[in-house]
Amino acid sequence: MTEGQTNLLHYYASRSYWLESSMDNLSPRSRLTDEINVDVAILGAGYTGLWTAYYLLKQNSSLKIVIMDKHIVGFGASGRNAGWCSPKFSITPERAIERFGLETAKELQLTMYDAVNEVERVINHEKMDADWNKAGFLKVALRENMLSQLETEMSTFRKLGLEEFYQLLNENQTKERMMANNLKGGILTKVSAVLHPGKLVRNLARILEQRGVTLYEQTEVIDFMEGTSNAFLIS
Ligand SMILES: Cc1cc2nc3c(=O)[nH]c(=O)nc-3n(C[C@H](O)[C@H](O)[C@H](O)COP(=O)(O)OP(=O)(O)OC[C@H]3O[C@@H](n4cnc5c(N)ncnc54)[C@H](O)[C@@H]3O)c2cc1C
């Protein structure tokens, strides 16, 4: 390995604990230097790009797909997040009901559970090492007056017909699950997991390579043209 390659490796490992502890070799793959013809060219080797390639191949395994990344697989948010695979949407269920109505809010929430379960299904199906642990998400009350907030949350889930996905916990039940001072109660979201984001993103890339996808790293896309035949320009 040249000095430049060693420096790059240290650089990428130092950017993210998850990449560093992913047990993967972070040496960049080859750059794209030639003109190529492919069916699908994807910009960015994070979850968006990698899952897109994964499901495209599921539909048509003969597709010729390349993924280009300016840095390495998982360099962006996919290799540096908090590791939650949770069904929480960016707005609360109450706000979703206000904005979209009961039925759509329910569908939205059901889709979120499906997404978590789908990640689990793929991890199991592909025998992927990702430190998957679907132990649920626990929100706790540290003061008596917070208990009513948890009850209100639970009543919203009841309104949506989704109470089976949650459990209100009393003080003792909460203490059985975690140790902290002042625990008064909690609400458990059952379909929620934690995982190792670095292992997920790096192993997903490896699986795609095994299926014929080519990953180019250190390859910056500087422009692209939309149309029936898309073209990317790289630096
Ligand atoms: C601090 C933090 C915590 C988070 N926690 C969670 C969590 O717990 N659970 C959860 O579900 N989500 C979480 N997220 C969100 C989640 O990480 C992102 O939604 C997800 O990783 C986005 O994936 P992506 O592929 O779209 O983007 P990225 O992972 O950022 O991938 C984009 C890739 O494109 C490459 N790129 C950019 N420009 C170019 C170019 N011009 N040419 C070539 N390549 C280029 C980058 O190098 C990068 O690798 C968190 C995000 C952050 C920042």
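A brief report on the enclosed structure follows. (Residues numbered from 1 in each chain as written. Predicted model: local features only at pLDDT ≥ 70, side-chain atom pairs only at ≥ 80, totals over all residues.)

Some remarks on the overall build of the protein
Part 1: Scanning the protein from terminus to terminus reveals eight helices and ten strands.
Part 2: On the principal axes, the C-alpha backbone points of the protein span a range of 65 × 45 × 30 Å.
Part 3: Contacts in the protein between residues at least 24 apart in sequence constitute 69% of all its contacts with a sequence separation of at least 6. (Helix = DSSP H or I, 4+ residues; strand = E, 2+ residues; numbered from the N terminus. Contact = placed C-beta atoms within 7 Å.)

Observations regarding the sheet that holds strand β4 (residues 137–141)
Strands belonging to one sheet form pairs held by backbone hydrogen bonds; the direction of such a pair is parallel or antiparallel.
Part 1: Pairing is antiparallel in the open sheet, where three strands are placed in the order β4-β6-β5. In this open sheet, the two strands that pair with only one neighbour each are β4 and β5 (166–169). The mean inter-strand angle of the sheet, taken between neighbouring strand axes irrespective of direction, is 15°.
Part 2: Bridge count between β5 and strand β6 (residues 185–189): four bridges; the pairing is antiparallel. (Pairing = 2+ DSSP bridges. Axes fitted to C-alpha atoms, helices over the stretch in contact; angles between N-to-C directions.)

Quick word on the packing of helix α3 (residues 47–59) against helix α8 (residues 197–210)
Part 1: At a closest axis distance of 10 Å, the pairing of α3 and α8 adopts a crossing angle of 35°. Considering only the axes of α3 and α8, their crossing is left-handed. In contact with Y47, L50, A53 and Y54 of α3, α8 contributes V201, L204, A205 and L208.
Part 2: When the residues that make up the contact of α3 with α8 are grouped by side-chain class, the tally is eight nonpolar, no polar and no charged. (Left-handed = near helix turned anticlockwise from the far one by under 90°. Nonpolar A, V, L, I, M, F, W, Y, C, P; charged D, E, K, R; others polar.)

The values are spatial; any link to function lies outside them.
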